[in-house]
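# Structure at a glance
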Amino acid sequence: MTDTDITRAAIVTGSSRGIGAAVARALAESGMNVALNCSSERSLAETEALARELAAAHGIRALVAVANVASAEEAQQMADTALEAFGRIDVLVNNAGITRDGLAARMSCEDFDAVIDVNLKGSFHCAKAVMRPMMKQRYGRIINMSSVSGVYGNAGQVNYAASKAGVIGMTKTLAKELARKNITVNTIAPGFIDTAMTAALSDEQREAAAARIGMGRLGAPEDIADLARFLASEEAGYITGQTICVDGGLTL
Ligand code: NAP
């Protein structure tokens, strides 16, 4: 069997909507079987609808795993489900993420922990859950979703920025540990992307954000998904440990 005969399989966490849904769509378009994920039954119907759409449109297999990535057990169950269904796991996109913004002086420890638990520990739980099958097959692509907040910091996001900076450190370390097994680990750091996460911004805030972005507009989920598709591909096999900002020039 040559590599081109293999149908690759991916897990995309937090793929009920937004960037995760766009990434799942891009990977399905490139012919991969995809395990979609949401944290609870609340988003199940929309995630199942996306799975049906992707399977019908691209002739791939798609399943939905409800799992809160903050739980190591649920992350492991999600990986087991995907492995059993697809026989392999080639790609993990650690995309699930939350915000609980507020100035540090007033932030509760609960809000700090909640964001670390999902964004940082959740990414670790999922990476750990897929590592063994990836090592066994001597092939893997792990893509972690950080943020420009994690690279540069952002007032009002001490929890989020810390979690996303942690993701970058985790990426570099896992890249060093897993390179010999032919597993690459990279980070995408999006800027302002037009999703539910940024929907809370007022029109004035959106205009102010767009004015700071070289391209003059917020990004679309597809702007992130296009890079994820490349990093998940065979062609990206010599890129590892990197953090790539996709922000339309925001941080230049
Ligand atoms: P979004 O629209 O709010 O979607 C977040 C996704 O994560 C949803 O599918 C949600 O699922 C899932 N999720 C949340 N908590 C989870 C948990 N504990 N376990 C499993 N899934 C969970 O966010 P987005 O804007 O697409 O953001 C996606 C990623 O990009 C996040 O990591 C975010 O930090 C990062 N990012 C976004 C921006 C931006 O401007 N939008 C910028 C930089 C980085 P449910 O439906 O179950 O809640």
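Look up a bit, the structure's there.
First things first, this report covers the structure right here in the doc. (Residues numbered from 1 in each chain as written. Predicted model: local features only at pLDDT ≥ 70, side-chain atom pairs only at ≥ 80, totals over all residues. Heavy atoms only, no water.)

### Things to note about the site of the ligand
Surrounding the ligand, one finds 32 residues, the nearest of these being S16, S39, S43, Y160 and T195. Contact distances for the ligand include 2.9 Å between an oxygen atom and a side-chain N or O atom of R17. Between the ligand and the protein, one listed contact pairs an oxygen atom with a backbone N or O atom of S39 at 2.7 Å. When the free accessible area of the ligand is taken as 890 Å², the share hidden by the protein chains comes to 94%. Taken together, the elements giving at least two residues each to the shell around the ligand come down to α1 (18–29), β2 (33–38) and α6 (158–178). Counted by class, the shell around the ligand contains 14 nonpolar, 16 polar and two charged residues. (Near = heavy atom within 4 Å. Polar contact = N/O pair within 3.5 Å; in protein donor to acceptor, adjacent residues only side chain to side chain. Areas by Shrake-Rupley, 256 points an atom, 1.4 Å probe, with all protein chains shown as cover. Helix = DSSP H or I, 4+ residues; strand = E, 2+ residues; numbered from the N terminus. Nonpolar A, V, L, I, M, F, W, Y, C, P; charged D, E, K, R; others polar.)

### Observations concerning the nonpolar core
One finds V23, L27, V34, V93 and I188 to be the most contacted residues of the largest nonpolar core, which totals 30 residues. Of all the secondary-structure elements, those providing two or more residues to this core are β1 (9–12), α1, β2, α2 (44–58), β4 (91–94), β5 (140–145) and α8 (221–231). Here this core gets eight residues from one element, more than from any other, and that element is α1. Non-local contacts of L27, meaning those with residues more than four positions away in its chain, are made with A10, V12, M32, V34, V91, V93, A228, R229 and A232. (Core = buried A, V, L, I, M, F, W, Y, C linked by side-chain atoms within 4.5 Å. Buried < 20%, exposed > 50% of the residue type's maximum accessible area, 1.4 Å probe, protein only. Contact = heavy atoms within 4.5 Å.)

### Considering the side chain of D90
Among the structural elements, D90 can be located in the loop between α3 (72–86) and β4. Residue D90 is classed as buried on the basis of its relative accessible area of 0%.

### Concerning the sheet that holds β4
Strand pairs in the sheet, formed through backbone hydrogen bonds, run parallel or antiparallel to each other. Spatially, the seven strands line up as an open sheet ordered β3-β2-β1-β4-β5-β6-β7, and their pairing is parallel. This sheet does not close on itself; its edge strands, each paired only once, are β3 (62–66) and β7 (243–246). The average undirected angle you get between the axes of adjacent strands in this sheet is 20°. Bridge count for strand β6 (residues 183–190) against β7 is four bridges, and the pairing is parallel. Within β7, the position partnered with A189 by the bridge is C245. (Pairing = 2+ DSSP bridges. Axes fitted to C-alpha atoms, helices over the stretch in contact; angles between N-to-C directions.)

These figures capture arrangement, not role.
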